[in-house]
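Close look at the chain arrangement
Listed below, chain by chain, are the residues.
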Amino acid sequence: MDMSLPAQTVRTTCPYCGVGCGVTATLRPGSIPIIAGDAQHAASAGRLCVKGAALGETLDLDGRLLHPMLREQGELRRAGWDDALDRVADGFARIVAEHGPDAVALYVSGQLLTEDYYVANKFMKGYVGSANIDTNSRLCMSSSVAGHKRAFGEDLVPGCYEDFELAEMIVLVGSNTAWCHPTLFQRILRAKEARPSLRIVAIDPRRTATCELADIHLPIKPGTDVWLFNGLLAYLARHGAADNGFVAAHTEGLEAALAAADADCADPAQVARICRVDPGALLAFYAVFAATGKVVTAYSQGVNQSSSGTDKVNAIINCHLFTGRIGRPGMGPFSLTGQPNAMGGREVGGLANTLAAHMELDNPAQREAVRSFWDAPRIADRPGLKALDLFRAVEEGSVKAVWIIATNPLVSLPDAEQVRRALDKCELVVVSEIVGRTDITEYADVLLPALGWGEKDGTVTNSERCISRQRAFLPAPGEARADWWALCEVARRMGFKGFNYDGAHAIFDEHARLSGWRNGEAGRRVFDIAGLAGMTRQDYDALEPVQWPLPAGAIGATPRLFGDGRYAHANGRARFVPTPPRAPLHAPDEDYPLILNTGRVRDQWHTMTRTGKSPRLADHTPEPFVDLHPHDALLCGVREGELARIVSRWGAMVARVTHGGGIARGSVFVPIHWNGQTASDARVGAVVNPVVDPVSGEPEFKHTPVRVEPFVVEWQAFVLSRAEFEVEKVANWTRVQGGGFVRYELGGRGGVHADWARMLLGVDAQADWIEYEDAGAGVYRAAHFIDGRLQACVFVARRTALPPRQWLAGLFKQETLAPGERATLLAGRAPTPTSDPGPTVCSCFGVGRNTICAAIRERRLETPAQVTACLKAGGNCGSCLPEIGKLLALGRHGEEAMQ
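How each quantity is defined
Residues numbered from 1 in each chain as written. Predicted model: local features only at pLDDT ≥ 70, side-chain atom pairs only at ≥ 80, totals over all residues. Heavy atoms only, no water. Helix = DSSP H or I, 4+ residues; strand = E, 2+ residues; numbered from the N terminus. Rg over C-alpha atoms; globule rule 2.2 N^0.38 Å. Buried < 20%, exposed > 50% of the residue type's maximum accessible area, 1.4 Å probe, protein only. Contact = heavy atoms within 4.5 Å. Areas by Shrake-Rupley, 256 points an atom, 1.4 Å probe, with all protein chains shown as cover. Lys, Arg positive; Asp, Glu negative; His and termini not counted. Charge placed at Lys NZ, Arg CZ, Asp CG, Glu CD. Pairing = 2+ DSSP bridges. Expected span 1.5 Å × (residues − 1). Disulfide = S-S within 2.5 Å. Axes fitted to C-alpha atoms, helices over the stretch in contact; angles between N-to-C directions. Phe/Tyr/Trp six-rings, centres within 6.5 Å; stacked < 30°, edge-to-face > 60°. Lys NZ or Arg CZ within 6 Å of the ring centre and 35° of its normal. Salt bridge = Lys/Arg side-chain N within 4 Å of Asp/Glu carboxyl O. Core = buried A, V, L, I, M, F, W, Y, C linked by side-chain atoms within 4.5 Å. pLDDT = per-residue confidence, 0-100. Parallel < 35°, antiparallel > 145°, perpendicular 65-115°, else oblique. Nonpolar A, V, L, I, M, F, W, Y, C, P; charged D, E, K, R; others polar.

Right, let's talk about the overall build of the protein for a bit. Counting its regular elements, the protein contains 32 helices and 34 strands. Against the 2.2 N^0.38 benchmark of 29 Å for 899 residues, the protein shows a C-alpha radius of gyration of 27 Å, consistent with a compact globule. Expressed along its principal axes, the backbone C-alpha trace of the protein runs to roughly 80 × 70 × 65 Å. Taking all 899 residues of the protein together, 62% fall into the buried category. Counting only contacts in the protein whose residues sit at least 6 apart along the sequence, the fraction spanning at least 24 positions is 71%. Accessible surface for the protein amounts to roughly 32,200 Å². Of this, 50% is attributable to carbon and sulfur atoms. Taking the 94 positively charged and 102 negatively charged side chains of the protein as two groups, their mean positions are separated by 3 Å.

Right under this line is the structure:
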């Protein structure tokens, strides 16, 4: 490598959550890009969470799909782009000709860039002539979209991130912000450090990391959010907290909304009983909300992912409209977007019931505006199939071709086995992916290699309406191409004009021009970025982050909406929406007595396609788990640390039992991330019920009746190996990416012996192999060396606990083992306690629990800040600070408690 060449730094945007943090990638020929936060990006000011900081570990090409593939005689075989695109275009054209445009569909993703999304919607709605294009944003943000449109007349987030710093009270509803939007949460905590009077309220059935740092935690019963906020509206009305001038001048519908709230929620004591919260804590929340002028209520999946998600959104908005706390600094309802471009997808009509540029399918003038702008031969004139309905239609045979782009519905959709049945019957399945092997690719008739983060070029829009550039800094690997390019190529082969773009900048320009097209003729649309139209490629490349709206002639961005009191409904008024509370459709019963809640863990993202590559992201939560109350575990006959099966009417999965200490009796929590490549049987989507919100179509991910039962294995084991190996004839397995090795956690039935271990790892009789066996205790341990270097180790136990993995993992960083390390390897413990850092607490800096506990004990540390100063732990994204706080509390009771 020529170190004399100057380093090049590219500014881009993180591909994970909706905060939209700025990222810099610094490159020097021959070296791995150095990833850091972009200090110039207003959303994050140089900060990254551990997932963003670990992006450099995910850029290798291991497992990448690098060439198109076609299924021939039941097997996928490499093909050229022309053959693959012809297969897609011919298949779509034939099916449309024989069965009509609604017989084909696209299912896309909030991982797409706005330019990809735009072309996909133009292709389907304007040229194929069907609105059968939906997105996995249906699973996370569609209730917010519907609630915004009902209240404001358009899908609009009123505020900006600065409001969190200016607020006097922040209410976090159904959002584990500390883990799911870490840089924003750290911004909140810095504001509280500067102004201790800032109140933070967390409303969540679980006691999450966010709740640990809140002033008030209301652990409501799952599904009772509407009761809670209807009760708040009734309380505000009784205590004279209305902004009567604002309500009279700028809203309508208050009487009906108040009547709905008063019908069931006028009595705080009754609301507290329904929500199963302490009446005193409930009244304290109501009183502080009523007395505080600047309130931000931020909500996420705990609100949206519900059969009453849209009503939950409107119940929250109703309280802000009633008090006039909207459109001004430091206040307003705020939807925390789950994906990096869920909002960009909404701008271009990514959902099956919307058109591009925030225009509506049920508005004839707007349909014609879009059709005429595109010069399209037709335009979809009715909503298409939403996600779950789409795959039901595939199974029923009315949809005969589906193109799945940048998502894995076999893992992420509820009732996921139905998706499997649907794809098995589908006449033509096209999959655009960056990796060659996922749950969905085995059903692909055509497999198209896509660009990943660092390779693709375009824009994304974050939760505060900020458009940012996602820039390429790596070459396209193999034959991978942009998704918009593949869509355009298929469109041209089908005879469609209007898809001759010479780059992403040209697509963005068309998108910007459409946003201003006839804007005002059939009602003024707030979404308008016509001020960004006409950019050259160089202008587009240099585009700085900017918040919309930005109409033609505008000077500067628009951080907040509705400051003038005018909304997007035709009469300019916001609408109160009556929200009669209703319980989830499926209640627990004798067969399924527990309620399943699903969500994310701290260091993983979606289905782990990218984060699963990073060893440091795997350390904190390496296995799928089911978190339940110890009392419920006793009743179910399961024990902490053992495997259990989680069963619903729709499916089952297996996970390890844990008692996290933050879950109420009657509930269980399971994370969403594991798939068929990372675990044998841990897809929680197979368990989740398929009930959806009747307005938004968003599924009920937070409330599925289940039972938990023992998953019996005769032995448990783990294997660490530098080489991949096939896991066969075990009852359960989980794959964990390590640093220079792969780790498998195994559970099995039947005997385990040296021959089994050797066959598992492919080790012959002449190899350097050491082993220990205690047949009576059911213990077997072995290690394989090549030229003195540890190649693999196996630890099996029938009844006794398995040793910690952290010290053993560290041995794989060494070229050879010292005699003492080799001698003690099969003991599974370090020669000295300080050699074992313990389970990871701080993934950013790789600091383990044992290291933190030792520092607390030996240096008498008393605050998280002191731990950070001593060990760096907690000093980057801060996601581990609640856990450090718990260790400090335990430290006061001595070393034994900490262990």
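Turning to the sheet that holds strand S19 (residues 546-547), a few remarks are in order. Strands sit in the order S17-S18-S19 across an open sheet of 3 strands; the sheet is antiparallel. Each edge of the open sheet is held by one strand with a lone partner, namely strand S17 (458-461) and S19. Bridge analysis of strand S18 (residues 466-470) against S19 gives 2 bridges, and the strand direction is antiparallel. Its bridge partner being in S19, Ile467 is matched across the sheet by Val546.

In a regular helix each residue adds 1.5 Å, so 13 residues correspond to 18 Å; helix H22 (residues 504-516) covers 19 Å between its end C-alpha atoms and thus fits that length. Within H22, the full set of buried residues consists of Ala504, His505, Ala506, Ile507, Phe508, Asp509, Glu510, His511, Ala512, Leu514 and Ser515. Once H22 ends, the next one or two residues include Arg518, with phi positive near 50°.

So, about the state of the cysteines. This model, assessed by the stated rule, comprises 0 disulfides. Of all cysteine sulfurs, the one in Cys844 lies closest to Cys877, which takes part in no disulfide; the gap is 3.8 Å. A relative accessible area of 6% places Cys877 in the buried class.

Moving on: the sheet that holds strand S16 (residues 446-449). Taken in spatial order, the 7 strands of this open sheet run S5-S4-S16-S15-S14-S6-S7, and their pairing is mixed. Each edge of the open sheet carries a strand with a single partner, namely strand S5 (75-78) and strand S7 (133-135). Taking each pair of neighbouring strands and ignoring which way they run, the sheet shows an average axis angle of 20°. The pairing of strand S4 (residues 69-72) with S16 spans 2 bridges and is classified as antiparallel. Each bridged residue has a counterpart across the sheet, and for Leu70 the counterpart in S16 is Val446. Contacting strand S6 (104-108), strand S14 (401-405) and strand S15 (428-433), helix H21 (residues 483-493) runs over the sheet at an angle of about 155° to S14.

So, on to the packing of aromatic side chains. Taken as a whole and assessed by the stated rule, the structure comprises 28 aromatic pairs. For the ring pair Phe625 and Phe669, a centre distance of 6.2 Å and an interplane angle of 40° mean the geometry is tilted. Here the residue Phe625 occupies a position in strand S22 (residues 625-628), and Phe669 occupies one in strand S25 (residues 667-671), the gap between them amounting to 44 residues. There is no split in this pair, since Phe625 and Phe669 are both buried. Counting every residue linked through ring pairs, the aromatic cluster contains Phe92, Phe123, Tyr127, Trp403, Phe496 and Phe499. Over the face of the ring belonging to Phe711 we find Arg749, whose NZ or CZ atom lies 5.0 Å from the ring centre. The side chain of Arg822 reaches across the aromatic face of Phe785, ending 4.0 Å from its centre.

Here we come to the side chain of Arg11. Relative to the helices and strands, Arg11 resides in strand S1 (residues 8-13). Take Arg11: its relative accessible area is 18%, and that puts it in the buried class.

Among the 6 residues in strand S21 (residues 594-599), 6 count as buried, and that is most of the element. Side chains Leu594, Leu596 and Thr598 project from S21 onto one buried face, and the interleaved Ile595, Asn597 and Gly599 project onto a second face that is buried too. Relative to strand S26 (residues 704-710), S21 runs antiparallel, the two sharing 3 bridges. Within S26, the position partnered with Ile595 by the bridge is Pro705. The pairing of S21 with S25 spans 5 bridges and is classified as parallel. By the bridge assignment for S25, Leu596 is matched with Val668.

All told, the structure shown has 52 salt bridges when counted by the stated rule. Residue Arg78 is joined to Glu479 by a salt bridge in which the shortest nitrogen-to-oxygen separation is 3.5 Å. You can see Arg78 sitting in strand S5 and its partner Glu479 sitting in the loop between S18 and H21, a full 401 residues away along the chain. Residue Arg78 is classed as exposed on the basis of its relative accessible area, which comes to 57%. A salt bridge links Asp541 to Arg469, with the shortest nitrogen-to-oxygen separation between them at 3.3 Å. Taken together, the residues Asp541 in helix H23 (residues 537-541) and Arg469 in strand S18 connect sequence positions 72 residues apart. Relative accessible area serves as the criterion here: at 3%, Arg469 is assigned to the buried category. Each of Asp82, Asp86, Glu489, Arg492 and Arg493 takes part in one network of salt bridges that share partners.

The next subject is the nonpolar core. If you look at the biggest cluster of nonpolar residues, it comprises 166 residues, and the most contacted ones within it are Phe92, Leu106, Phe123, Phe285 and Trp403. With 8 residues, helix H3 (residues 114-128) is the largest single contributor of residues to this core. Sequence-distant contacts of Phe92, defined by excluding residues within four places in its chain, comprise Val104, Ala105, Leu106, Phe123, Ala401, Trp403, Leu428, Val430 and Met494. Counting residues in hydrophobic clusters, the runner-up holds 50 residues, among them Leu65, Tyr107, Leu390 and Ala393.

Below, the discussion takes up helix H26 (residues 754-761). Of all 8 residues in H26, 6 are buried; the element is thus mostly enclosed. Restricting attention to buried positions, one finds in H26 the residues Ala754, Trp756, Ala757, Arg758, Leu760 and Leu761. Buried positions along H26 lie against strand S27 (715-721), strand S29 (742-748), strand S30 (768-774), strand S31 (779-786) and strand S32 (789-797). The first or second residue beyond H26 is Gly762, which carries a positive phi of 70°.

Considering every residue of the protein, the mean pLDDT works out to 94; 98% of them sit at 70 or more. Note that pLDDT drops below 50 for residues 894-899; the model gives that stretch 10 contacts with residues more than four away or on any other chain.

In contact at an axis separation of 8 Å, helix H9 (residues 225-238) and helix H11 (residues 254-265) are set at 110° when each is read in the N-to-C sense. Considering the angle they form, H9 stands roughly perpendicular to H11. Mapping the contact onto sequence places Trp227, Asn230, Gly231, Leu233, Ala234 and Ala237 in H9 and Ala257, Leu258, Ala260, Ala261, Asp262, Asp264 and Cys265 in H11. When its residues are assigned to classes, the contact of H9 with H11 shows 9 nonpolar, 2 polar and 2 charged.

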